[in-house]
2 protein chains.
Amino acid sequence: MASMIFTDCSSSTMSRLIHLDRRNGAFLPHPCVGQLSLRTTASGRGCTLSIRSSSSPSAIVINGKAEAKKIRDDIKIEVSRMKESIGVVPGLAVILVGKNEESATYVRNKKKACESVGIKSFEVGLAEDSSEEEVLKYVSGFNDDPSVHGILVQLPLPSHMDEQKILSAVSIEKDVDGFHPLNIGRLAMRGREPLFVPCTPKGCIELLHRYNIEIKGKKAVVIGRSNIVGMPAALLLQREDATVSIIHSRTKNPEEITRQADILISAVGKPNMVRGSWIKPGAVIIDVGIKRVEGRFVGDICYAEACKVASAITPVPGGVGPMTIAMLLVNTLTSAKRIHYFQSSSDLKG
Amino acid sequence: MASMIFTDCSSSTMSRLIHLDRRNGAFLPHPCVGQLSLRTTASGRGCTLSIRSSSSPSAIVINGKAEAKKIRDDIKIEVSRMKESIGVVPGLAVILVGKNEESATYVRNKKKACESVGIKSFEVGLAEDSSEEEVLKYVSGFNDDPSVHGILVQLPLPSHMDEQKILSAVSIEKDVDGFHPLNIGRLAMRGREPLFVPCTPKGCIELLHRYNIEIKGKKAVVIGRSNIVGMPAALLLQREDATVSIIHSRTKNPEEITRQADILISAVGKPNMVRGSWIKPGAVIIDVGIKRVEGRFVGDICYAEACKVASAITPVPGGVGPMTIAMLLVNTLTSAKRIHYFQSSSDLKG
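- Within an unreviewed UniProt entry, the label attached to chain A reads Tetrahydrofolate dehydrogenase/cyclohydrolase catalytic domain, and the organism entered is Arabidopsis suecica.
- Here chain A is described in UniProt, under the heading Sequence similarities (unreviewed entry), as follows: "Belongs to the tetrahydrofolate dehydrogenase/cyclohydrolase family."

### What about the overall build of chain A?
Inference 1: Scanning chain A from terminus to terminus reveals 12 helices and 11 strands.
Inference 2: Roughly 13,600 Å² of accessible area belongs to chain A as shown, and the carbon and sulfur atoms make up 50% of that amount.

### Section: the relation of the copies chain B and chain A
Inference 1: After a rotation of 180° and a shift along the axis of 0.0 Å, chain B superposes on chain A with an RMSD of 0.0 Å. In symmetry terms, the pair is related by a two-fold rotation axis. No C-alpha of chain B lies nearer the rotation axis than that of Gly185(B), which sits 1.7 Å from it.
Inference 2: Mapped onto chain A, 100% of the interface residues of chain B again fall at the interface, so both copies present the same surface.

### Description of the interface of chain B and chain A
Inference 1: On the side of chain A, 36 residues touch chain B, which itself brings 36 residues to the contact.
Inference 2: Across the chain B to chain A interface the summed buried area is about 3,500 Å²; carbon plus sulfur atoms make up 49%.
Inference 3: By the criterion of area lost to chain A, the three top residues of chain B are Arg190(B), Arg192(B) and Arg225(B), representing 18% of everything that side buries.
Inference 4: Counting the contacts that link chain B with chain A gives six salt bridges.
Inference 5: The closest approach of N and O atoms between Arg225(A) and Asp241(B), which form a salt bridge, is 2.8 Å.
Inference 6: Taken together, the connections running from chain B to chain A amount to 15 residue pairs in polar contact (both at pLDDT 80 or more).
Inference 7: Of all the secondary structure elements, the ones that give two or more residues to the side of chain B that touches chain A are helix H6 (163–169), helix H7 (181–188), helix H9 (230–239), strand S6 (243–247) and helix H10 (254–258) of chain B.
Inference 8: The element best represented in the side of chain B that touches chain A is H7(B), accounting for six residues.
Inference 9: For the side of chain B that touches chain A, the class distribution of residues is 12 nonpolar, 13 polar and 11 charged.

### As for the pattern of salt bridges
Inference 1: According to the stated counting rule, one finds 28 salt bridges over all chains in the structure shown.
Inference 2: The residue Lys70(A) makes a salt bridge to Glu67(A) at a minimum N-O spacing of 3.0 Å. Residue Lys70(A) and its partner Glu67(A) are both found in helix H3 (residues 64–86); the two are separated by three residues, about one turn of the helix.
Inference 3: We classify Lys70(A) as partly exposed; its relative accessible area is 34%.
Inference 4: Since its relative accessible area comes to 0%, Glu67(A) is described here as buried.
Inference 5: Linking Glu256(B) and Lys219(A) is a salt bridge whose minimum nitrogen-to-oxygen distance equals 3.5 Å. Taken together, the residues Glu256(B) in helix H10 and Lys219(A) in strand S5 (residues 219–223) connect one chain to another.
Inference 6: Glu256(B) gets classed as partly exposed once you look at its relative accessible area, which sits at 37%.
Inference 7: Within the structure, one salt-bridge network assembled from shared partners comprises Glu67(A), Lys70(A), Glu206(A) and Arg210(A).

### As for the nonpolar core
Inference 1: Core analysis: the largest hydrophobic core is formed by 129 residues, its most contacted members being Leu237(A) and Leu237(B).
Inference 2: Residue contacts for Leu237(B): discarding those within four places in its chain leaves Ile205(B), Leu208(B), Ile215(B), Ala220(B), Val222(B), Ala242(B), Val244(B) and Ile265(B).

### Observations concerning H9(B)
Residues and elements named next belong to chain B.
Inference 1: Across the 10 residues that make up H9, a large majority, nine, are buried.
Inference 2: Within H9 the residues assigned to the buried category are Gly230, Met231, Pro232, Ala233, Ala234, Leu235, Leu236, Leu237 and Gln238.
Inference 3: The first or second residue beyond H9 is Asp241, which carries a positive phi of 70°.

### Looking at the sheet that holds strand S4 (residues 150–153) of chain A
All names here are of chain A.
Inference 1: The sheet built from three strands is open, its strands ordered S3-S2-S4 with parallel pairing. What marks the edges here is a single partner per strand, and that holds for strand S3 (120–126) and S4. For this sheet, the mean angle separating the axes of adjacent strands, direction not counted, is 15°.
Inference 2: Inspection of the sheet shows strand S2 (residues 91–97) paired to S4 by four bridges, in the parallel sense. Within S4, the residue paired with Leu92 across the bridge is Gly150.
Inference 3: Sheet contacts for helix H4 (residues 101–117): S2, S3 and S4; angle to S2, the most-contacted strand, approximately 170°.

### Concerning the packing of H4(A) against helix H12 (residues 320–339) of chain A
The description of two helices packed together rests on the angle between their axes and the distance between the axes.
Residues and elements named next belong to chain A.
Inference 1: Where H4 meets H12, the axes come as close as 10 Å, and the angle between the chain directions of the two elements is 55°. Between H4 and H12, the interaxial angle falls into the category oblique. You can see that H4 and H12 cross each other, and the crossing is right-handed. Contacts from Asn109, Lys110, Ala113, Cys114 and Val117 of H4 reach H12 at Ile325, Leu328 and Leu329.
Inference 2: Grouping the amino acids of the contact of H4 with H12 by side-chain chemistry returns six nonpolar, one polar and one charged.

### Some words on the sheet that holds strand S4 (residues 150–153) of chain B
Residues and elements named next belong to chain B.
Inference 1: The strand order across the open sheet built from three strands is S3-S2-S4, with neighbouring strands paired in parallel fashion. Across the chains shown, the open sheet's two edge strands, defined by having one partner strand only, are strand S3 (120–126) and S4. The mean angle between the axes of side-by-side strands here comes to 15°, regardless of whether they run parallel or antiparallel.
Inference 2: The strands touched by helix H4 (residues 101–117) are strand S2 (91–97), S3 and S4; relative to S2, the strand with the most contacts, the crossing angle is about 170°.

### A few points about the environment of Leu92(B)
Residues and elements named next belong to chain B.
Inference 1: Its location among the elements puts Leu92 in strand S2.
Inference 2: Its relative accessible area of 1% is what places Leu92 among the buried residues.
Inference 3: Here the alpha-carbon distance between Leu92 and Ser121, two residues 29 residues apart in the chain, equals 4.9 Å.
Inference 4: For Leu92, the contacting residues outside a window of four places in its chain are Cys114, Ile119, Lys120, Ser121, Phe122, Gly150, Ile151, Leu152, Val176, Leu328 and Thr332.

Reading the values: the criteria
- Within each chain, residue numbers correspond to sequence positions counted from 1 in written order.
- For this description, chains carry letters from A and ligands carry numbers from 1, given in the order in which they are written.
- Since the coordinates come from a predicted model, pLDDT governs what is reported: local features require at least 70, and pairs of side-chain atoms require 80 or more to be given and counted, while whole-chain, interface and lining totals use all residues.
- Only hydrogens and water are set aside when side-chain values are computed; all heavy atoms of the structure are taken into account.
- UniProt positions are given in the numbering used here, feature names are shortened, and annotations may be inferred rather than shown by experiment.
- Every helix listed is a DSSP run of H or I at least four residues long, and every strand listed is a run of E at least two residues long, numbered separately from the N terminus.
- With residues, only the protein chains shown are counted as cover, and all accessible areas are computed by Shrake-Rupley using a 1.4 Å probe.
- The least-squares superposition of copies is restricted to C-alpha atoms, and to residues with a pLDDT of at least 70 in both copies.
- Contact definition: two residues touch when any of their heavy atoms are within 4.5 Å.
- Two parts lose some accessible area (1.4 Å probe) when they are put together, and adding that loss for both gives the buried area.
- By definition here, a salt bridge exists when the distance from a side-chain nitrogen of Lys or Arg to a carboxyl oxygen of Asp or Glu is within 4 Å.
- Whenever two N or O atoms come within 3.5 Å, that pair is a polar contact, provided that in protein one can donate a hydrogen and the other can accept it, and provided that, for residues adjacent in sequence, both atoms are side-chain atoms.
- Throughout, the ten residues Ala, Val, Leu, Ile, Met, Phe, Trp, Tyr, Cys and Pro are labelled nonpolar, Asp, Glu, Lys and Arg are labelled charged, and all others, Gly among them, are labelled polar.
- Throughout this description, buried means an accessible area under 20% of the type-specific maximum (1.4 Å probe, protein chains only), exposed means over 50%, and partly exposed covers the range between.
- Take the buried residues of types Ala, Val, Leu, Ile, Met, Phe, Trp, Tyr and Cys, join any two whose side-chain atoms come within 4.5 Å, and each joined set is a nonpolar core.
- Being paired, for any two strands, means DSSP has found at least two bridges between them.
- Axis lines are fitted through C-alpha atoms, for helices just across the contact stretch, and the angle between N-to-C directions can take any value from 0 to 180 degrees.
- Here the word oblique covers every angle except those under 35 degrees (roughly parallel), over 145 (roughly antiparallel) and from 65 to 115 (roughly perpendicular).
- Handedness of a helix crossing follows the sense of rotation of the near helix relative to the far helix, less than a right angle counterclockwise being left-handed and clockwise being right-handed.

Right under this line is the structure:
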C-alpha cells in the first residue's frame, strides 16, 4: 500500500491546482476546499484550536500552503543572517538516478525552493544504468564537501541498487531526509535525539503545532507504516505523548480503530479510502496520501464527508505537500547551523 | 513508570520461587500458578493454540521456564557442534559498574547461564566512581577481542556516565543487547534487519511463537514504552503484522484500549495494575513486569483475575524472565556464528 504515497507533491503543482473546481466523482475530493481562504484565517501561531468533542458541520482547513510559505519566509531571513554573520551559505545536494518523471519534478521543485530562500543547491543526475559505486562515489564526495550541509538521494533508486547501502552511506550529519537507520533509531528511543526527522512526518507534526492542536494524551491513529511517513509519524506522535495505534494492510476492520482517533494521520495513497463514518466527531485529520486521479490530486480521506465530521483537516493538495519541502529546507538550514555552530534565532528552530 | 521493570529476573531465583504457595494478598499473584505443570503440557512447538474468542475459565499458563530450558539445551548442543567443527567457543563479555545488588545478581546469573551452555564469559567489575573513559576503554578492548562475540554493559550505569555514549560505543556486530540505536533503527524500518533484537521483547515474541499464537492481523497492545522492552516489543509485533497500540503513563483510560487487545504485553512494573476487567476474553497475556512485594515477585497483571478471562498467560516469575537470559545466549551464539561464517542448524535460528 505504502508504495502509492507521494510525499513529495510539488508546491508549484499545488498552487496551480488549489484553485481548480473539484466537484463530485467517486474518486474526487469535494467542495469543502472552496472554503480554504475563508476558514484558514484562524490558522497560524497566534490562534488556539482545541480538538472539539462534538461533531462539526464544517472543519477548519489546515492550510499547509500558507504555513509552508511562512516557514520559507523565515528561512530566507535566517539564511541571509547566516551569510552576513559568518559568510556561510547552506547547501543541499540532490542525487537523482534515472529518468523517473515524478522524481525529476520533485528534484526540480526542491531546487526551486532552495533558490527561493537562498540555499545553494547541488544537483547530480545519473543515468538509470549507473553503477551503485558511482552513486556511492557522489555520496562520499558530498559527505566530504564543506559547502554541502544536506544530502538527499532521490527515491526510488533503480532496482539494481541497494537502497539501504546507499542511504546508510550518507553522513548522519548531512542526512536531511532523516532516513539513516541511526536517525530512525534515535527517533524511536526515549532520551535520544535524532539529528534529523524525516520531512513529511515532521511537516505533519509542525502543522498540528502551528494550529495549536494538543497532542499529549490524545489518541492518535496512523494509517500506513512506511519508512518515510507512517512509521516515523507514529514515533513522533509518541514522542509527544499521544497514545498511538498503527493501522496497515493486515489490519482487520480499520474503521473501528480510526473511529477512536482524536488525531488521524493517513499515509497510504488510496484515494478517498477513509470515509466520514471512519472518523470520530471533532477529530483532526492530516491527509498525507496524494494520488493523481483523472488529472487531479486526491487524498486518502474522503474530503467532503470528513469536513462534516472532523474539527480540522488538511486539504489535498495544499496541506501536507508544501510542508514536506519546507521541512527539507528547515533541515538543511539546521544542518548548516549545527556544522558551523551558528545559533538559531528564537523564531526558527529545526 | 518504566524504571520499575526488572527485565532481568534471574532464572535461579525463579526456580526457587515457582513452587512457593502464593495465595491472596492485594499485591500477590493467585493460585492459577498451581496449575503450571498440568496446564503446560499443551506447550512446545508441536501444539497448536489459537486465540480463543470466548471467555475462558482458566488460562493456559505459558511456561517460560520450560521453554527457556529447551532453548538452553539446544544452544548447548550448537555451541558444542561449533567448537568441534571450527574450534571456536562463543564468548560474552559483561561490564558491570558499581555495586548495585540487583545488577550484580543479574550478572552472576548471566555468567552461570553462559557456563551451563558452554559459552565463555568475560566479566569486568568497575568501581562506582570509575570514569566514563575507563568503561569506554573496556568496551573498545572487547570490540577488538576476537574471542568476544557479545558485549553487554549492565544497566543502569552510574549517573555521572553518558549511557548513550557508552552503549553507542559497543560494536554493532557485538551488540547482543540490541540497544544500539542502529539496531533499533533497523528494527523500526521495513525491509531492514537488525543484527540483534533486545532480549526481553525477543523472549516475549519467542513465547508467542512457541505456543503457536497467531500474531498477524491481531490487535496487540503494549503497556509501557521503555527503550528496553515496550518500544522494541511494539516494533516486533508490528513486524509480524499485528495492529499495535502503545499505552503509557499519559494514556487516558488505558483499560478501554487493553480491552480490545488479542495480545497484551505489559512492561511497566506496577504490581497487579492490569485487572481482569481490562482484559478481552480469550486474550493472550505476556507479563514482563516483575516487582518484589513483601519478599515475593509480582507482575503487572492481576494474575488470579486474568486467568479467568485470558486464554493464555505468562506467570510471574517463570514466564518472560527466564526467556530474557535464554535470548541473550541465543544472540551471543548467533553473533559468533555470523562472525565465523558458521551455519545455523535448522533447529536454532537467532
